[in-house]
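Residue-level structural notes
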Amino acid sequence: MAENVLKISNLKVAYGGIKAVKGIDLEVNKGELITLIGANGAGKTTTLKAVTGTLPSCKVEGDIFYLGENLRGKKSFELVTSHLAMVPEGRGVFTRMTIHENLMMGAYTRNDTAAINDDIEKWYSVFPRLKERSAQLAGTLSGGEQQMLAMARALMSHPNLLLLDEPSMGLSPIMVEKIFEVVRNVSAQGVTILLVEQNAKLALQAAHRGYVMDSGLITMSGNAKDMLDDPKVQAAYLGEA
Ligand code: ATP
C-alpha cells in the first residue's frame, strides 16, 4: 500500500468572515509529485500555510496528518526538526549570504559535516548554475537563480515533504521551463513534493497526480495525464477550447 506522507482531511480555514478553505481532502504519498492548481485566491497558499503552521491567527478546522501525526494547531517552530520544508512564494533566500552559506543554513539542524558536504555537491550537480556562483551573494542572483537556491536550501534539510508555492511566479518563460526541469529532476531523486502552481499545464505535465482548487474547494482530482486531457480542465485552466 502507498505510504501516506501528508493526508489533509476536511480542512477549513477562515480569515475572520472570509472562508478561504471550505473543507478539502488531499493526500500525498511517498515519492509522489502532486500539484495543486487553481485560480488566484482559490485557497492554495492558505492550504500550504495550514500544513506548515504559518497562518496568521484564524479559524482552522479539520485534520492534517504528516507521517501519521496530526499537525493541526502546531506552530512552525514546533516543526523545525520534522523534515517538512516549504519554499514560499517570494523565495526568502538570505540575500546578504553567499549561495554556499545559504545552503549551509539549510543544514542548520544537522551535524553530519561529511554528509552535508556530499549533499551540497549532490544538489550542485542538479543546480549547476548555483555551483558556478557558490561564492556570490544570494541577493545578486536573478529571480530564477534565487528560486533554485531556495529549493536547494530546503533540500539540504532532507525533507520528507517539500512544499513549493508558485516556483514559476514572476520568471521569464525560459526560466520557468528550467525551474520545472529542476522540479522533475528533484522528484526523480525520490523527494516527495506538493507543488502549488498557477501554470497548470507545466505543473500537470510534471506531476503524478493533480488537484484543482476553486473558491476554497477541491473541484477535481486525479491522474495528472488524464487531467491534461480533460476538456473541462483544458477550457478552465489550460487556455484551450
Ligand atoms: P494566489 O494564487 O493568488 O496566491 P491562492 O489560491 O494561493 O491565490 P490564498 O492566498 O490562499 O489563495 O487566498 C485565499 C483567500 O483568502 C483569498 O480570498 C485571500 O484574499 C484570503 N486571504 C489570504 N490571506 C489572508 C489574510 N492574511 N487575511 C485575510 N484574508 C486572507
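From a predicted model like this one, the values you see are computed outputs, not experimental measurements.

This part is about the sheet that holds strand 4 (residues 59-66). One open sheet holds the four strands; their spatial order is 2-1-4-5, and the pairing between them is antiparallel. For this open sheet the edge positions go to strand 2 (18-29) and strand 5 (69-70), each flanked by a neighbour on one side alone. With two bridges joining them, strand 4 and strand 5 adopt antiparallel strand pairing. Across the sheet, the residue bridging to Tyr-66 is Glu-69, located in strand 5. The strands that helix 1 (residues 44-52) touches are strand 1 (4-15), strand 2 and strand 4; relative to strand 1, the one it contacts most, it runs at about 115°.

As a further point, take the sheet that holds strand 9 (residues 209-214). Taken in spatial order, the six strands line up as 6-7-8-3-9-10 in an open sheet, and their pairing is mixed. Lying at the two open borders of the sheet, with one neighbouring strand each, are strand 6 (84-87) and strand 10 (217-223). Neighbour-to-neighbour, the strand axes of this sheet turn through a mean angle of 15°, independent of strand direction. Of the pairings in the sheet, the one linking strand 9 to strand 10 comprises six bridges and is antiparallel in character. When the sheet's bridge partners are listed, Tyr-211 is paired in strand 10 with Ser-221. Sitting on the sheet, helix 1 is in contact with strand 3 (33-37), strand 6, strand 7 (161-165), strand 8 (193-197) and strand 9, with an inclination near 145° to strand 7. Here helix 5 (residues 143-155) sits on the sheet in contact with strand 6 and strand 7, set at roughly 175° to strand 6.

Time to look at the packing of helix 2 (residues 99-106) against helix 5. The geometry of helix 2 relative to helix 5 is characterised by a closest axis approach of 7 Å and an angle of 35° between their N-to-C directions. Considering how the two elements wind past one another, helix 2 and helix 5 form a crossing that is right-handed. Two secondary-structure elements touch here, helix 2 through Ile-99, Asn-102, Leu-103 and Gly-106 and helix 5 through Leu-149, Ala-152 and Arg-153. Its residues assigned to classes, the contact of helix 2 with helix 5 comprises four nonpolar, two polar and one charged.

With respect to spatial proximity, 14 residues lie near the ligand, and among them Asn-40, Gly-41, Lys-44, Thr-45 and Thr-46 are the closest. Between the ligand and the protein, one listed contact pairs an oxygen atom with a side-chain N or O atom of Lys-44 at 2.8 Å. The contact in question runs from an oxygen atom of the ligand to an N or O atom on the side chain of Glu-166, over 3.2 Å. A total of 630 Å² of accessible area belongs to the ligand in isolation, and the protein chains cover 64% of it. Looking at which element gives the most residues to the shell around the ligand, the answer is helix 1, with three residues. Per-class residue counts for the shell around the ligand are five nonpolar, six polar and three charged.

Parameters and conventions
Residues numbered from 1 in each chain as written. Predicted model: local features only at pLDDT ≥ 70, side-chain atom pairs only at ≥ 80, totals over all residues. Heavy atoms only, no water. Pairing = 2+ DSSP bridges. Helix = DSSP H or I, 4+ residues; strand = E, 2+ residues; numbered from the N terminus. Contact = heavy atoms within 4.5 Å. Axes fitted to C-alpha atoms, helices over the stretch in contact; angles between N-to-C directions. Left-handed = near helix turned anticlockwise from the far one by under 90°. Nonpolar A, V, L, I, M, F, W, Y, C, P; charged D, E, K, R; others polar. Near = heavy atom within 4 Å. Polar contact = N/O pair within 3.5 Å; in protein donor to acceptor, adjacent residues only side chain to side chain. Areas by Shrake-Rupley, 256 points an atom, 1.4 Å probe, with all protein chains shown as cover.

Honestly, that's just the spatial picture; any functional story needs more than this.
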